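If you want the building blocks of each chain, they are given just below.
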There are 2 protein chains.
Amino acid sequence: MPSEFDLIQTYFNWNNKPSEEIGLIKGVVKGIGDDAAVLQVPSSKQLIVTTDTLISGVHFPEQTSPHAIGHKSLAVNLSDLAAMGADPAWFTLAITLPEQNKQWLTAFSKGIKALADKAEIQLIGGDTTKGPLSISITAMGLATSKQLMMRASAKDQDTIYVTNTLGDAAAGLAMLQQCFEGKEDDSCIEQLDYPIPRNQESKLIRQYANACLDISDGFLADLNHILKASKVGAVIDLDSIPLSIALQKINQQQALKYALTGGDDYELLFTIPQENQKTFENAVLKENLICKVVGTIDSSISGIRSTQNEVLSAEGYNHFK
Amino acid sequence: MPSEFDLIQTYFNWNNKPSEEIGLIKGVVKGIGDDAAVLQVPSSKQLIVTTDTLISGVHFPEQTSPHAIGHKSLAVNLSDLAAMGADPAWFTLAITLPEQNKQWLTAFSKGIKALADKAEIQLIGGDTTKGPLSISITAMGLATSKQLMMRASAKDQDTIYVTNTLGDAAAGLAMLQQCFEGKEDDSCIEQLDYPIPRNQESKLIRQYANACLDISDGFLADLNHILKASKVGAVIDLDSIPLSIALQKINQQQALKYALTGGDDYELLFTIPQENQKTFENAVLKENLICKVVGTIDSSISGIRSTQNEVLSAEGYNHFK
């Protein structure tokens, strides 16, 4: 392998010149090329930091294209920033590779850059090492304290929403693992490989929401994180769980299982106080975004129940008829 | 494995209560437990960010104790902050483990915590995944723009210094690999396993130095990084390269080879303008630190030469008589 320095310069220093010559882009005083990056955080903003590692065979199937791996590695971190209500600003990339494969690195770099450009997040440093394939990204975002959405802020009678549809990535994984029953649909695999972080939705949601997180472990498991942190319960209307056209075509119980317990959705799950609901929904319509009501926060119960008063849990749902 | 959340709560949430209850420690508005951490960067400071991954068998021998792995994972990142002149503030930890081993995790956690407490850096988030052992840390530090030391700032006739002694870690590795010729010394293995990041020295050095970096790839290779970035050359006095007592006892050429080309020193290499030299050396004495002059920046040459005008290079030195 060439040195770490050369590898980063070759594949990831997209500006291809020292940051001094570019000037201060989005607060980057010094990017790649010194012992560390130097950043200027606006005094009115707080710094939001998240880190996520993707391991081959665990977080993506081994046959996943390097372009998709690049995309997904950044997407899951951008999704955490969206969940907090933070605007993406900077990220570092630590990549471990079994070998230096030019074609692989070029495609990976393109995948990550395409999303970085779209999300307006800048790569400011990295580390490359030799070993079994894994990618660790630390993403940094900015937000005013007012914009931040915490898990612990859900309140009684808040309306619970999710963005877009749930379960497609889990269905996509089942298709790749050849254990999917029903008509296969590439859109599910696309959703697994190229999750779209909901940073645009977050900018709107943070103006109205109490609590928010992103669904990575599955709807029920992640909703539980909000409920535990906020010390409340929730009632979910299973008929209103939003399903894609692909999932509407399969067995309804199976589709709901993907939607409620499947991971890798990277949709936002958030709660809106009733008094904000109407203005929020008007704003959603105006911006052409998709947010669907799925239930209500209820402080008089603990855990998650259906509107038929059945207990819902991620573990339990697998046995739920 | 228990969930990632539980693993982090059990082994790494050392404060063992929500950050809200602790109050704002060193700018941590929200630590472990949400989608991301929330930090407050003082408006007078810049944010310094570095990331380093350690892979078992590459960055530490496979038999290294988990306590030492914990220490070293953080130390190499603290060393980058020291090299920049930044005060340690926060770090994230992404750890990939083949299995959940309670004893291993406890020792690793203790190793990392002991150094974190000493360096006054706070763990603010993490990710745990299953896979071949690797640790990625992203460390964040704070500095005023005046305190920062860049690689590109070395000037003609600056005096070149290093902290403490060089080559011990490389000698320690040779001992573990049973290819060390001479009397073995545990202090070298200690230096390999428990490198001491020079953050205390950095606080002093940054008041006087032009350029600085930490020696991780070897003295000659890292000096070259400063020279290339600063577009200057250097003359090194090989007789003044500081060697530990352990290395003074072995063949002199072999000792110099460890000191000039061995990696993993994590000592600081920096340049002081002549007009600052006297006050700097007085301050070093007063604070009981160890910094040794090893050469001079010379803009009339390129690359590194000895005082006997021999060309010195990391590759070449292996053949140097």
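Described in the following lines is the structure provided in the data block. (Residues numbered from 1 in each chain as written. Chains lettered and ligands numbered in written order. Predicted model: local features only at pLDDT ≥ 70, side-chain atom pairs only at ≥ 80, totals over all residues. Heavy atoms only, no water.)

1. With respect to the environment of Pro195 of chain B
Residues and elements named next belong to chain B.
Item 1. On the secondary structure map, Pro195 appears in the loop between α6 (186-193) and α7 (199-205).
Item 2. Assessed through its relative accessible area of 1%, Pro195 is described here as buried.
Item 3. Separated by 71 residues in sequence, Pro195 and Tyr266 have C-alpha atoms that sit 6.6 Å apart.
Item 4. Sequence-distant contacts of Pro195, that is, excluding residues within four places in its chain, are made with His71, Lys72, Ala75, Glu190 and Tyr266. (Helix = DSSP H or I, 4+ residues; strand = E, 2+ residues; numbered from the N terminus. Buried < 20%, exposed > 50% of the residue type's maximum accessible area, 1.4 Å probe, protein only. Contact = heavy atoms within 4.5 Å.)

2. Concerning unusual backbone geometry
Item 1. The backbone of Lys231 of chain A sits at a positive phi, close to 55 degrees, despite the residue not being glycine.
Item 2. Along the chain, the position of Lys231 of chain A falls in the loop between α8 (219-230) and β9 (233-236).
Item 3. Assessed through its relative accessible area of 74%, Lys231 of chain A is described here as exposed.
Item 4. Even without being a glycine, Tyr266 of chain B presents a positive backbone phi close to 55 degrees.

3. A look at the packing of aromatic side chains
Residues and elements named next belong to chain A.
Item 1. Per the stated rule, a full pass over the model turns up 14 aromatic pairs over all chains.
Item 2. With a centroid separation of 6.0 Å and an interplanar angle of 85 degrees, the aromatic rings of Phe12 and Phe108 are classed as edge-to-face. Taken together, the residues Phe12 in the loop between α1 (4-11) and α2 (19-22) and Phe108 in helix α4 (residues 102-119) connect sequence positions 96 residues apart.
Item 3. With a centroid separation of 5.1 Å and an interplanar angle of 15 degrees, the aromatic rings of Trp104 and Phe108 are classed as stacked. Residue Trp104 and its partner Phe108 are located together in helix α4, separated by 4 residues, close to a single helical turn. Here Trp104 matches Phe108 in class, with each residue buried.
Item 4. Through a chain of ring-to-ring contacts, the aromatic side chains of Tyr161, Tyr208, Phe270 and Phe280 assemble into a single cluster. (Phe/Tyr/Trp six-rings, centres within 6.5 Å; stacked < 30°, edge-to-face > 60°.)

4. Description of helix α11 (residues 274-286) of chain A
Residue and element names in this part refer to chain A.
Item 1. With 13 residues, α11 should cover 18 Å at 1.5 Å per step; its first-to-last C-alpha distance of 19 Å lies within 8% of that length.
Item 2. Regarding α11, the residues found buried are Phe280, Ala283 and Val284.
Item 3. On the buried face of α11, the contacting elements are β7 (159-163), α7 (199-205), β10 (268-272) and β11 (291-298).
Item 4. Positioned one or two residues after α11, Asn288 has a phi angle of 60 degrees, which is positive. (Expected span 1.5 Å × (residues − 1).)

5. Topic: the packing of helix α3 (residues 66-84) of chain A against α4 of chain A
Residues and elements named next belong to chain A.
Item 1. It is at 6 Å that the axes of α3 and α4 come closest, and there the two elements cross at 35 degrees. Crossing hand, α3 versus α4: right-handed. Where α3 abuts α4, its residues Pro66, His67, Ile69, Gly70, His71, Ser73, Leu74, Ala75 and Leu78 lie against Trp104, Ala107, Phe108, Lys110, Gly111, Ile112, Leu115, Ala116 and Ala119.
Item 2. In terms of residue class, the contact of α3 with α4 is made up of 12 nonpolar, 5 polar and 1 charged. (Axes fitted to C-alpha atoms, helices over the stretch in contact; angles between N-to-C directions. Left-handed = near helix turned anticlockwise from the far one by under 90°. Nonpolar A, V, L, I, M, F, W, Y, C, P; charged D, E, K, R; others polar.)

6. Some thoughts on the interface of chain B and chain A
Item 1. With 49 residues of chain B in contact, the opposing surface of chain A contributes 49 residues.
Item 2. Buried area between chain B and chain A, summed over both chains or domains, comes out near 3,700 Å², and the portion from carbon and sulfur atoms is 57%.
Item 3. Applying the counting criterion to the chain B and chain A interface returns 4 salt bridges.
Item 4. Taking the shortest distance from any N to any O, the salt bridge between Arg151 of chain A and Asp34 of chain B comes out at 3.6 Å.
Item 5. Where chain B touches chain A, the interface holds 15 residue pairs in polar contact (both at pLDDT 80 or more).
Item 6. Only β1 (28-30), β2 (37-39), β3 (46-55), α3 (66-84), β4 (87-97), β5 (122-130), β6 (134-143) and β8 (211-214) of chain B provide two or more residues apiece to the side of chain B that touches chain A.
Item 7. Here the side of chain B that touches chain A gets 9 residues from one element, more than from any other, and that element is β3 of chain B.
Item 8. Looking at the side of chain B that touches chain A, its residues break down into 24 nonpolar, 15 polar and 10 charged.
Item 9. Inspection of the sheet shows strand β2 (residues 37-39) of chain A paired to β3 of chain B by 3 bridges, in the antiparallel sense. (Buried area = accessible area lost by both parts, 1.4 Å probe. Salt bridge = Lys/Arg side-chain N within 4 Å of Asp/Glu carboxyl O. Polar contact = N/O pair within 3.5 Å; in protein donor to acceptor, adjacent residues only side chain to side chain. Pairing = 2+ DSSP bridges.)

7. A few points about helix α10 (residues 252-261) of chain A
Item 1. Of all the residues in α10 of chain A, the buried ones are Ala255, Leu256, Tyr258, Ala259 and Leu260 of chain A.
Item 2. Regarding α10 of chain A, its N-cap is Asn251 of chain A, as a side-chain oxygen of that residue lies 3.0 Å from the backbone nitrogen of Gln253 of chain A further along.

8. Details of the relation of the copies chain B and chain A
Item 1. Rotating chain B by 180 degrees and moving it 0.0 Å along the rotation axis overlays it on chain A with an RMSD of 0.0 Å. The two molecules are tied by a two-fold rotation axis, judged by turn and shift. The C-alpha atom lying nearest the rotation axis in chain B is that of Ser43 of chain B; the distance is 2.4 Å.
Item 2. A symmetric contact is evident, with 100% of the interface residues of chain B recurring at the interface of chain A. (Least-squares fit on C-alpha atoms with pLDDT ≥ 70 in both.)

9. A word on the environment of Ala229 of chain B
Residue and element names in this part refer to chain B.
Item 1. Relative to the helices and strands, Ala229 is located in helix α8 (residues 219-230).
Item 2. Distance in space between the C-alpha atoms of Ala229 and Lys130 is 39 Å, their sequence separation being 99 residues.
Item 3. Sequence-distant contacts of Ala229, that is, excluding residues within four places in its chain, are made with Arg151 and Ala152.

10. Points about the environment of Leu47 of chain B
Item 1. Here Leu47 of chain B shows up in strand β3.
Item 2. When the C-alpha positions of Leu47 of chain B and Gly141 of chain B are compared, they lie 5.9 Å apart, and in sequence the two are 94 residues distant.
Item 3. With residues near it in sequence (within four places) discarded, Leu47 of chain B still touches Ala37, Val38, Leu39, Val41, Leu47, Trp90 and Met140 of chain A together with Val41, Trp90, Met140, Gly141 and Leu142 of chain B.

Note that all results are geometric; they support no functional claim without further evidence.
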